[in-house]
Amino acid sequence: MKVLAIETSCDETAAAVVEDGRRVLSSVVSSQTDIHADFGGVVPEIASRAHLELFAPVVAQALSRAATAPAELSAVAATIGPGLIGSLLVGVSAAKAYAWAWGVPFVGVNHMEGHLQAAFLEDPALSSPMVVLLVSGGHTMLICMQDASPGEYLLLGQTIDDAAGEAFDKVARFLGLGYPGGPAIEKLARNGSPDAIAFPRGLAGHGFDFSFSGLKTSVVRYVRANPGVDLADVAASFQEAVVDVLVTKTRKAAAEVGAKAVCTGGGVAANTALRERIRHACQQDGRAAFLPSRAMCTDNAAMIGATAWYRLQRDGPTPLDAPVDPNLKLPLVRLR
Ligand code: KG4
Ligand code: ZN
């Protein structure tokens, strides 16, 4: 069963063909980063217009790379939320039109559930229960998954203010490093010392929730008070503060639920320092670490195609008049 999936929730126009929720036959991602770079962040109206220009060639390429004709598809899926409303509307409207024209079901997919499922695309034999650290531009969550099939997710903790990626983007903008901030800070941090400045660890020792807005303010205050500071030291020390708190809490959460494996997802999981520290911590704790490839951590449509396959078996098709939801939440059950 082949699913064509479309992802347009933010600034990547992506399409993929995924077979049986597991085999990625093609995955095409067209990034708009260059278009938004001059503005220091994603401009929603520009993003929607770019999706409109890009989705047809991206879908055509995904089908041709997968050597798949529309008649071979069993469903068309698209990210239905969360994300930018205009961007979501382009992908969802296109997917619904394709589904209607080709006479196959449409499946609306939760973008965050896509990030959670991404790991299983690269390692279907992941052991459970597992703790997933989901760190993107809009979310920071610790989730316990009992098995691979989508259902309800146990929420262990989440950010009470900024997401980790948001903190990277805001600090990068303040330091004049441009957009997207995560890769820019990671690059600059290579020339700095992570121990140079002791930035605060938000909510350290307080359960599994996170807070990053105090850290961001602390960076701004420090740089204003020390105009001659080496910005590479600032970047490295800031990155260290984020990674430290993410890894410490993930480790504690994994111990609390008796997780066999720890997994990461979302754009910040592409960060090398975070990946190395998670790997190291898991080695020490005797747990399997699964770190999806960087391409699978950042936004892509393969993860949407995989999730759609499961959701179609479980919940059936999504009605063609279903709206997009910019604030769509994961189906969560909170621990406690
Ligand atoms: O998952 P994603 O591609 O889009 C959302 O769903 O938000 O995540 C984007 C976020 C941005 O905040 C970006 O700065 C961050 O992921 N990011 C990184 C790195 N690559 C992307 N943060 C730290 N280090 C990286 N290498
Ligand atoms: Zn994402």
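Refer to the structure above for everything that follows.
Residues numbered from 1 in each chain as written. Chains lettered and ligands numbered in written order. Predicted model: local features only at pLDDT ≥ 70, side-chain atom pairs only at ≥ 80, totals over all residues. Heavy atoms only, no water.

Colleague: Help me understand the layout of surface pockets in this model?
Modeller: To locate leftover empty space, one rolls a probe as large as a water molecule over the atoms. Of the pockets and cavities examined, the largest pocket occupies roughly 1,200 Å³. As for the largest pocket, its lining consists of 42 residues, of which C10, S136, G137, D169 and Y179 are closest to the centre. Elements with a minimum of two residues in the lining of the largest pocket: α4 (111-122), α5 (164-174), α6 (181-189) and α10 (294-297). Looking at the lining of the largest pocket, the element that brings in the most residues is α5, giving six residues. Among the residues forming the lining of the largest pocket, the class breakdown is 13 nonpolar, 19 polar and 10 charged. Looking at which domains feed residues into the lining of the largest pocket, each of domain 1 (2-115 + 299-329) and domain 2 (125-295) supplies at least three. When its volume is computed, the second largest pocket comes out at roughly 240 Å³. For the second largest pocket, the lining is made up of 17 residues, of which G138, H139, M141, Q158 and K329 are closest to its centre. (1 Å grid on protein atoms, 1.4 Å probe; cavity = no way out; pocket = protein on both sides within 12 Å on 5 of 7 lines; lining within 4 Å. Points joined across faces, edges and corners; volume = space filled by probe spheres on them. Helix = DSSP H or I, 4+ residues; strand = E, 2+ residues; numbered from the N terminus. Nonpolar A, V, L, I, M, F, W, Y, C, P; charged D, E, K, R; others polar. Domains from an automatic or database assignment.)

Colleague: It is not clear to me how the pairing of strand β7 (residues 140-145) should be interpreted in this structure. Could you clarify?
Modeller: Every regular strand shows the same layout, with side chains that alternate between the two sheet faces. β7 sits mainly inside the fold: six of its six residues count as buried. On β7, burial covers both faces: T140, L142 and C144 on one face and M141, I143 and M145 on the other are all buried. In this antiparallel pair of consecutive strands, strand β6 (residues 130-135) and β7, the connection spans four residues. With four bridges joining them, β7 and strand β8 (residues 153-158) adopt antiparallel strand pairing. What sits directly across from M141, in β8, is Q158. (Buried < 20%, exposed > 50% of the residue type's maximum accessible area, 1.4 Å probe, protein only. Pairing = 2+ DSSP bridges.)

Colleague: What is the right way to look at helix α2 (residues 44-65) in this model?
Modeller: Owing to its 3.6 residues per turn, the α-helix aligns residues three or four sequence positions apart on the same side. End to end, α2 covers 29 Å across 22 residues, agreeing with the expected 32 Å (1.5 Å per residue, within 8%). Maximum bend of α2: about 40°, positioned at L54, with proline P57 one to four residues after it. Residues A47, S48, A50, H51, F55, V58, V59, A62 and L63 constitute the buried set of α2. (Expected span 1.5 Å × (residues − 1). Bend = angle between axes of the 7 residues up to and from the residue.)

Colleague: I tried to follow empty space enclosed by the protein on my own but got confused; where do I start?
Modeller: According to the stated counting rule, one finds one cavity of 30 Å³ or more in the structure shown. For the largest cavity, the full set of lining residues is V247, T250, R251, A254, V262, I278, A281, C282, D285 and R287. Every element with two or more residues in the lining of the largest cavity is listed here: α8 (231-257) and α9 (272-285). When its residues are assigned to classes, the lining of the largest cavity shows six nonpolar, one polar and three charged.

Colleague: So what exactly am I meant to see when it comes to the sheet that holds strand β2 (residues 12-19) here?
Modeller: Within a sheet, adjacent strands bond to each other through the backbone by hydrogen bonds, running parallel or antiparallel. Taking strand neighbours across the sheet as the criterion, the five strands line up as β3-β2-β1-β4-β5 in an open arrangement whose pairing is mixed. Two strands lie at the open edges of the sheet, namely β3 (23-31) and β5 (106-110), each paired on one side alone. Neighbour to neighbour, the strand axes of the sheet diverge by 20° on average, direction disregarded. As paired strands, strand β1 (residues 2-7) and strand β4 (residues 73-81) are joined by five bridges and run parallel to one another. Each bridged residue has a counterpart across the sheet, and for L4 the counterpart in β4 is V76. (Axes fitted to C-alpha atoms, helices over the stretch in contact; angles between N-to-C directions.)

Colleague: Would you mind showing me how to read the packing of aromatic side chains here?
Modeller: The relative placement of two aromatic rings is captured by the distance of their centres and the angle of their planes. Taken as a whole, this structure holds six aromatic pairs when the rule is applied. Considering the side-chain rings of F199 and Y222, the 5.8 Å spacing of their centres and the 85° angle between planes classify their relative orientation as edge-to-face. On the criterion of sequence distance, the pair formed by F199 in the loop between α6 and α7 (213-225) and Y222 in helix α7 is long-range, its members being 23 residues apart. Residue F199 is classed as buried on the basis of its relative accessible area of 4%. Taken together, the ring pairs connect F55, Y98 and W102 into an aromatic cluster. We note K249 situated over the ring of F210; from NZ or CZ to the ring centre the distance is 5.8 Å. (Phe/Tyr/Trp six-rings, centres within 6.5 Å; stacked < 30°, edge-to-face > 60°. Lys NZ or Arg CZ within 6 Å of the ring centre and 35° of its normal.)

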